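A structural walkthrough
In case you want the letters, here they are:
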Amino acid sequence: QVQLVESGGGLVQAGGSLRLSCVASGSIFSLNAMGWYRQAPGMQRELVAAISEAGIPKYADSVKGRFTISRDNAKNTVFLQMNSLKPEDTAVYYCNAEHAVPQGLGAPLLYDYWGQGTQVTVSS
């Protein structure tokens, strides 16, 4: 099993910054894409940013230019640097990782894992 634990959330004023971290642990063979999602009250969970195993990032339009996703493969960790935070960024942020489990000569099995979430609150 793989466990994801997020940290770094908190309360910050608009215009401030936070850095989220997500550490994967357990029986890890290989983590493919990793990402950050968020869910505000009454809203559906949405993708904020994702990063491939090679480090290629993608961002939601709403956070482009403000957020930066990065990863440290050696430490099985993904980060989300959030700058110029806005009240509309307030949400629970969840870490996601795709875990690839080798199957001999065949294609690996893929599993999605989720963290418990960390609250980010941005005040006006």
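Attention here is on the structure that accompanies the text. (Residues numbered from 1 in each chain as written. Predicted model: local features only at pLDDT ≥ 70, side-chain atom pairs only at ≥ 80, totals over all residues. Heavy atoms only, no water.)

Take the environment of serine 70 next. Summarising the element assignment, serine 70 is placed in strand β7 (residues 67-72). Residue classification places serine 70 among the partly exposed residues on the basis of a relative accessible area of 25%. Sequence separation between serine 70 and alanine 50 is 20 residues, and the spatial gap between their C-alpha atoms is 8.9 Å. (Helix = DSSP H or I, 4+ residues; strand = E, 2+ residues; numbered from the N terminus. Buried < 20%, exposed > 50% of the residue type's maximum accessible area, 1.4 Å probe, protein only.)

Quick look at the pairing of strand β9 (residues 91-103) now. Strand direction decides the pairing type here: strand β4 (residues 30-39) and β9, joined by eight bridges, are antiparallel. Residue pairing across strands places serine 30 opposite alanine 100, the latter belonging to β9. Here three bridges tie β9 to strand β11 (residues 118-123), and the two strands are oriented antiparallel to one another. Residue pairing in the sheet places alanine 91 in a bridge with valine 120 of β11. When β9 meets strand β10 (residues 106-114), the two strands line up antiparallel, connected through seven bridges. Directly across from asparagine 96, in β10, lies its bridge partner tryptophan 114. Between β9 and the antiparallel strand that follows it, β10, lie two residues; glycine 104 among them carries a positive phi value of about 65°. (Pairing = 2+ DSSP bridges.)

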